[in-house]
Amino acid sequence: MKSEPDVFSIDDLMRSPGITEPWDGVRNYQARNMLRDEMKKGDLALFYHSSCEEPGIVGIMEIVKEGYPDSTAFNPKHKYYDPKSKADNPAWYRVDVKLKRKLNRTITLTELRDTKSLQNMKLMQRGNRLSVMPVTKKEWNIILSLENKKIM
DNA sequence: GCCAACGTTGGC
DNA sequence: GCCAACGTTGGC
């Protein structure tokens, strides 16, 4: 799950009450489908910092509430307001995430690109812009094995 | 700031 | 339904 740290960072999540926050503001249908249909309570997710100095994976989260309507879309004053989404037929969904732990260090995008066994990851695919995307168990294990392996 | 690669919009 | 124009994402 991607977030721009200037908007919402792993440290913001650490400071949240109960280290839990709704992951809202996703306005892309493919990503919406994953939030609404795919992600289950107890699932784990990687927190990715995008559009920043050091893009990469910074933490592990747990889904603590499954997809439910993103009410920020209903509020005309909210920055995520979307008039197309109505309370009786919501277009956008969110999940609640809880921080499991912050990684010892950022596993950078460069490093992921340099890892041969991760070349098929969704994240690596050209022009990929999804803010929520699947990670296979195998990829997950490889990624986390990098955490304590090499210091860039 | 640039630009590639998408997604969305709207005229026809 | 097509497709050009426009907007957005996100790495660099």
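Before reading on, note that the structure itself is shown above.
Residues numbered from 1 in each chain as written. Chains lettered and ligands numbered in written order. Predicted model: local features only at pLDDT ≥ 70, side-chain atom pairs only at ≥ 80, totals over all residues. Heavy atoms only, no water.

Focus: the protein's contact with DNA strand C
Piece 1. As a structural note, the neighbourhood of DNA strand C is formed by Lys2, Tyr48, Ser50, Ser51, Pro55, Leu109, Arg113 and Arg129.
Piece 2. Interatomic distance of 2.8 Å between a side-chain N/O atom of Tyr48 and a phosphate oxygen of DNA strand C.
Piece 3. One nitrogen or oxygen atom from the side chain of Arg129 is found 2.5 Å from a base oxygen belonging to DNA strand C.
Piece 4. Of the residues belonging to the surface near DNA strand C, the class tally is three nonpolar, two polar and three charged. (Near = heavy atom within 4 Å. Polar contact = N/O pair within 3.5 Å; in protein donor to acceptor, adjacent residues only side chain to side chain. Nonpolar A, V, L, I, M, F, W, Y, C, P; charged D, E, K, R; others polar.)

Focus: helix 4 (residues 137–147)
Piece 1. Of the residues making up helix 4, those classed as buried are Glu139, Trp140, Ile142, Ile143, Leu144, Leu146 and Glu147.
Piece 2. On its buried face, helix 4 sits against strand 3 (44–49), strand 4 (56–69), strand 5 (93–108) and helix 3 (109–114). (Buried < 20%, exposed > 50% of the residue type's maximum accessible area, 1.4 Å probe, protein only. Helix = DSSP H or I, 4+ residues; strand = E, 2+ residues; numbered from the N terminus. Contact = heavy atoms within 4.5 Å.)

Quick look at the packing of aromatic side chains
Piece 1. Enumeration according to the criterion identifies four aromatic pairs in this entry.
Piece 2. Judged by centre distance (6.2 Å) and plane angle (25 degrees), the rings of Phe8 and Phe47 are stacked. A residue pair is termed long-range when its members are at least 10 positions apart, and Phe8 in the loop between strand 1 (2–3) and helix 1 (10–15) and Phe47 in strand 3 qualify at 39 residues.
Piece 3. Note on Phe47: relative accessible area 0%, which makes it buried.
Piece 4. Where Tyr29 meets Trp92, the ring centres are 4.6 Å apart and the plane angle is 35 degrees; that geometry is what we call tilted. Of this pair, Tyr29 sits in helix 2 (residues 29–38) while Trp92 sits in the loop between strand 4 and strand 5, placing them 63 residues apart in sequence.
Piece 5. An aromatic cluster is present here, built from Phe8, Trp23 and Phe47 joined pairwise through their rings. (Phe/Tyr/Trp six-rings, centres within 6.5 Å; stacked < 30°, edge-to-face > 60°.)

With respect to the protein's contact with DNA strand B
Piece 1. The environment of DNA strand B is made up of Tyr29, Gln30, Lys84, Arg126, Gly127 and Arg129.
Piece 2. When atoms of DNA strand B within 4 Å of the protein are split into backbone and base, the sugar-phosphate part holds 71%.
Piece 3. Take Arg129: an N or O atom from its side chain is 2.7 Å from a base oxygen of DNA strand B.
Piece 4. Among the residues making up the surface near DNA strand B, the classes are represented as one nonpolar, two polar and three charged.

Here we look at the sheet that holds strand 2 (residues 20–23)
Piece 1. In spatial order, the strands read 1-3-4-5-2; together these five strands make up an open sheet with mixed pairing. Every other strand in the sheet has two partners, leaving strand 1 and strand 2 as the edge strands with one partner each.
Piece 2. Here helix 2 sits on the sheet in contact with strand 4 and strand 5, set at roughly 105 degrees to strand 5.
Piece 3. Each of strand 3, strand 4 and strand 5 is contacted by helix 4, which is oriented at about 40 degrees to strand 5, the strand it contacts most. (Pairing = 2+ DSSP bridges. Axes fitted to C-alpha atoms, helices over the stretch in contact; angles between N-to-C directions.)

Considerations on unusual backbone geometry
Piece 1. With a phi close to 40 degrees, Ile19 is a non-glycine residue in the positive phi region.
Piece 2. Residue placement: Ile19 occurs in the loop between helix 1 and strand 2.
Piece 3. Judged by relative accessible area, Ile19 falls into the partly exposed class, the value being 29%.
Piece 4. Not every positive phi belongs to a glycine, and Ser51 is a case in point at roughly 50 degrees.

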